[in-house]
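Coordinate analysis (summary)
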Amino acid sequence: MDANVRLRDIPSVDDLLRLAGVVEAIERFGRLTVVEVLRRVLDRIRDAVREGGDVPPLDAIVAAAVAALEADNRSTLRPLFNLTGTVLHTNLGRALLAEAAIDAATAAMREAVALEFDLKSGKRGERDDHLRALVCELTGAEDATVVNNNAAAVLLVLNSLAAGREAIVSRGELIEIGGAFRMPDIMLRSGVGLVEVGTTNRTHARDYRDAIGPDTGLILKVHTSNYRIEGFTKEVGARELAAIAHERGLPLVNDLGSGTLTDLESFGLSHEPTVSEAIAAGADIVTFSGDKLLGGPQAGFVIGRSAFIERINRNPMKRALRVDKIRLAALEATLRLYRDPDRLSERLPTMRLLARPQADIRQQAARLAPLVEQAVKGTVHVSVIDCASQIGSGALPLATVPSAGLALAPPSGSGRMLAELAAAMRHLPMPVIGRIERGALILDLRCLEDEVGFVANLARLCSPAEGSSS
Ligand SMILES: *Cc1c(COP(=O)(O)O)cnc(C)c1O
């Protein structure tokens, strides 16, 4: 049969629209979308037939269309299993929210809320009122406001307090955070001149004192959250720096980055300066993130002396950087959990995950190993290993937490098979993201709480070879 004859056998879009499978697809995806996908599928068949192929049976055509519709309809912002071993992974969305925060955010999405409305007086209220008292109680600050993220907090503070003037920063603290946040660039955009003092490894009190002049607007201290300078080093502590600033009537701004509200030593980690400590040390303004160690949604806190917070709130930039009701609700509920420190590690996922004992994770790894072995159908070797988790998001950059997990190693360390295995894991209905290390795919189980879901998901694993073709 020649191609022209076979082309006449291809069904029309109208023929297909009458089929039960397609009627069902219209219910799910809408008529317009279904028609468009059917056209696409039929075009492909036409091309294949011209090249000598056969016309597939009707049910195969419908199945192809439904598969294409499902693939198109899948969100790219999908939930996944973070088995990278980095608890606060910036590229995987940082902190997981507490149930209380999720409930509060959901309620704020579904209903009207008293966002800028004072229920007592019936008059206009302020967005910041929902957090101010709670933040001040937990940190010892006089006043507080919150914006989109900590980068926005730094930008807003610098612009409000020192635009057209200079800020003094140690050369050891001119950090770059991933995603193009570089302190010198932020300062430039905030309209503040950068005055660098000291050297990369050593900055002295006299370096700051000598740099203060008529154009100085503030002194900025930046927590070197994602790196450490070790060896022959010297930095001026927050308390001494506050004294130097105040001698000359200047504010000290301390960008803490992660900004933990609890002492991490109680979780067996090393000490990270807390927000309360930064306030107690005399900083006039302290900034920190909402979705790092604090364990809430993305946000940037600006806390400190009322007079400065008032100036910050009057800056029109504040309006452009403010947070919405959903995040305010989640932040408030998250902060409330800190009132009961004894149950924090139970209720706040970030703390719960960081606090998981290695022995628990080892047991989980031993339980899962045979099931994972089954899912990979013996194509790779599965073993239980000890490994080290990281906090992530630039908190305690050198600290690791003893953890455990599974190592999936292809025979003879085949790099191609390893890449295919990682791809197959990413193509699961709920993608599984591990890390590749020394010829194996490592799944650090510290952040795996839904074990049943993980096992059910894994049953859908294609063999690595199949996975690579999709
Ligand atoms: C993470 C970090 C920032 C940026 O905070 P985002 O909330 O990610 O915008 C700024 N400064 C320091 C020191 C940080 O660690």
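Reading guide: rules and limits
- Residues numbered from 1 in each chain as written.
- Predicted model: local features only at pLDDT ≥ 70, side-chain atom pairs only at ≥ 80, totals over all residues.
- Heavy atoms only, no water.
- Near = heavy atom within 4 Å.
- Polar contact = N/O pair within 3.5 Å; in protein donor to acceptor, adjacent residues only side chain to side chain.
- Areas by Shrake-Rupley, 256 points an atom, 1.4 Å probe, with all protein chains shown as cover.
- Helix = DSSP H or I, 4+ residues; strand = E, 2+ residues; numbered from the N terminus.
- Buried < 20%, exposed > 50% of the residue type's maximum accessible area, 1.4 Å probe, protein only.
- Pairing = 2+ DSSP bridges.
- Right-handed = clockwise from strand over helix to strand, strands pointing away.
- Salt bridge = Lys/Arg side-chain N within 4 Å of Asp/Glu carboxyl O.

In the vicinity of the ligand there are 13 residues, among which Ala151, Ser225, Asp255, Ser289 and Lys292 approach most closely. In the model, an oxygen atom of the ligand is placed 3.0 Å from a nitrogen or oxygen of the Arg94 side chain. For the ligand, whose unbound accessible area comes to 380 Å², protein coverage reaches 95%. Those elements that provide at least two residues to the shell around the ligand are helix H8 (150-162) and strand S8 (252-257).

With the exception of glycine, most residues fall at negative phi, and the peptide bonds are largely trans. Unusually for a residue other than glycine, Lys377 sits at a positive phi of about 50°. Inspection of the secondary structure puts Lys377 in the loop between helix H18 (358-375) and strand S11 (381-392). You can call Lys377 exposed: its relative accessible area is 55%. Even without glycine at this site, Arg438 takes up a positive phi of about 40°.

Most of S8 is tucked away, with 6 of its 6 residues classed as buried. By the alternation rule, side chains of S8 split into Leu252, Asn254 and Leu256 and Val253, Asp255 and Gly257, which are all buried. Pairing between strand S7 (residues 216-222) and S8: 4 bridges, direction parallel. Bridge assignment links Ile219 to a residue of S8, and that residue is Leu252. Assessed by its sense of winding, the connection that carries the chain from S7 through helix H11 (residues 238-247) to S8 is right-handed. Across 4 bridges, the pairing between S8 and strand S9 (residues 285-289) is parallel.

Next up on the list: the pattern of salt bridges. In this structure the tally under the stated criterion is 31 salt bridges. Between Glu116 and Arg124 there is a salt bridge, with the nearest N and O atoms lying 2.7 Å from each other. Judged by relative accessible area, Glu116 falls into the partly exposed class, the value being 26%. Ionic pairing is found between Arg322 and Glu116, a salt bridge with its closest N-O pair at 3.8 Å. Of this pair, Arg322 sits in the loop between helix H14 (316-321) and helix H15 (325-337) while Glu116 sits in the loop between helix H6 (99-110) and helix H7 (129-139); the two residues are 206 residues apart in sequence, bridging distant segments of the chain.

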